[in-house]
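# Structural overview
Spelled out from the first residue to the last, the chains are:
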Amino acid sequence: MKHHTLRFNDWLYLACIWISGLSIFVMTLIIPWGIFTRYVLGTGSQWPEPIAILLMVIFTFFGAAAGYRANAHISVAMVTDRMPAKVRSTVAWLMDILMALVSIFMAYYGAKLCIQTWGQNIGEIPWMPVGATYLPVPLGGAITLIFVLERMALGHQGGREVVTYDHEKIEGGAL
């Protein structure tokens, strides 16, 4: 069971990385188009800005979930690193519980927000429901919750090969 869980979470982690990366890539194509149409053509497209904002939200929530699993999130460890080992493990457990609560909050209330606003449309993009723009919130919360539960049950997974594939391998202890 552990092996299947880790493989599924590896796949989920890679999906988050790809979704985040593609969001940034597409955003770098859309923003220059908006600038070109506004200043060169003089007509200004209406859709680049709201799509770029949506892509940034997607990047943020999916990237944050991946960052949590990779242990690449911003943390202030100056105080906790100086605590005794027993206190440090208790604080780490408490932080996992708090992170799980935040993830549940995001998933539950984000889903509620999506449902409540699904019937509304965005002015610049009339075919897109407002609720669709909020989907990254509950999805990112649910994925982060999966990674939190994984950390609580199986330990920190930041050293897995899928997470560290781009790190340099140090051979023989020399740089």
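Since the model is a prediction, treat every value here as computed from it, not as a measurement.

Enumeration according to the criterion identifies 2 salt bridges in this entry. When the shortest N-O distance is used, the salt bridge between Arg-69 and Asp-10 registers 2.9 Å. Here Arg-69 is found in helix H2 (residues 48-69), whereas its partner Asp-10 is found in helix H1 (residues 2-39), with 59 residues between them in sequence. In this pair, the class of Arg-69 matches that of Asp-10, namely buried. A salt bridge links Arg-69 to Glu-150; its shortest N-O distance comes to 2.8 Å. Here the residue Arg-69 occupies a position in helix H2, and Glu-150 occupies one in helix H5 (residues 136-154), the gap between them amounting to 81 residues. Several salt bridges share partner residues, and in doing so they unite Asp-10, Arg-69 and Glu-150 into one network.

What follows deals with the side chain of Thr-133. With respect to the helices, strands and loops of the structure, Thr-133 is situated in helix H4 (residues 130-133). Within the structure, the side chain of Thr-133 is placed 2.5 Å from the backbone oxygen of Val-130, a separation counted as a polar contact. Not counting residues up to four positions away in its chain, the partners in contact with Thr-133 are Leu-54, Ile-122 and Met-128.

Another point: H5. With 19 residues, H5 extends 26 Å from end C-alpha to end C-alpha; this agrees with the ideal 27 Å at 1.5 Å per step. Along H5, the positions that sit buried rather than exposed are Pro-136, Val-137, Pro-138, Gly-140, Gly-141, Ile-143, Thr-144, Leu-145, Phe-147, Val-148, Glu-150 and Arg-151. On the buried face of H5, the contacting elements are H1, H2, helix H3 (85-117) and H4.

This paragraph deals with the confidence of the model for the chain. Averaged over every residue, the pLDDT of the chain is 88; the share at 70 or more is 92%. The secondary-structure element of the chain with the lowest mean pLDDT is helix H6 (residues 161-164), recorded at 77, while H5 shows the highest, at 95.

A few words now on the packing of aromatic side chains. One pass over the structure, following the stated rule, counts 4 aromatic pairs. Look at Trp-33 and Phe-36: their rings are 5.8 Å apart centre to centre, the planes differ by 35°, and that puts the pair in the tilted class. Of this pair, Trp-33 and Phe-36 both sit in helix H1, 3 residues apart, roughly one helical turn. Looking at Phe-36, the relative accessible area reads 35%, which means it is partly exposed. Ring plane angle 85° and centroid distance 4.8 Å describe the contact between Tyr-108 and Tyr-109, whose orientation is recorded as edge-to-face.

Next up on the list: the state of the cysteines. Scanning the entire structure with this criterion turns up 0 disulfides. No disulfide involves Cys-16; its nearest neighbouring cysteine sulfur is the one of Cys-114, lying 16 Å away. Note on Cys-16: relative accessible area 1%, which makes it buried. By relative accessible area, which is 5% here, Cys-114 ends up buried.

Turning our eyes to something else, we now look at the side chain of Ser-20. Relative to the helices and strands, Ser-20 resides in helix H1. Ignoring any residue separated from it by four or fewer positions in sequence, one finds Ser-20 in contact with Phe-59, Phe-62 and Gly-63.

Among the surface-exposed residues, Trp-93, Leu-94, Met-95, Leu-98, Leu-101, Ile-104, Phe-105, Tyr-108, Tyr-109, Leu-149 and Met-152 lie close enough to one another that they form a single nonpolar patch of about 1100 Å² accessible area. Of all the secondary structure elements, the ones that give two or more residues to the nonpolar patch are H3 and H5. Counting residues per element, the nonpolar patch draws most heavily on H3, which supplies 9 residues. A residue is classified by how much of its surface remains accessible, and Ile-104, at 42% relative accessible area, is partly exposed.

What counts, and where the lines are drawn
- Residues numbered from 1 in each chain as written.
- Predicted model: local features only at pLDDT ≥ 70, side-chain atom pairs only at ≥ 80, totals over all residues.
- Heavy atoms only, no water.
- Salt bridge = Lys/Arg side-chain N within 4 Å of Asp/Glu carboxyl O.
- Helix = DSSP H or I, 4+ residues; strand = E, 2+ residues; numbered from the N terminus.
- Buried < 20%, exposed > 50% of the residue type's maximum accessible area, 1.4 Å probe, protein only.
- Polar contact = N/O pair within 3.5 Å; in protein donor to acceptor, adjacent residues only side chain to side chain.
- Contact = heavy atoms within 4.5 Å.
- Expected span 1.5 Å × (residues − 1).
- pLDDT = per-residue confidence, 0-100.
- Phe/Tyr/Trp six-rings, centres within 6.5 Å; stacked < 30°, edge-to-face > 60°.
- Disulfide = S-S within 2.5 Å.
- Patch = residues over 30% accessible without salt bridge, like charges linked within 9 Å, V, L, I, M, F, W, Y side chains within 5 Å.
- Areas by Shrake-Rupley, 256 points an atom, 1.4 Å probe, with all protein chains shown as cover.

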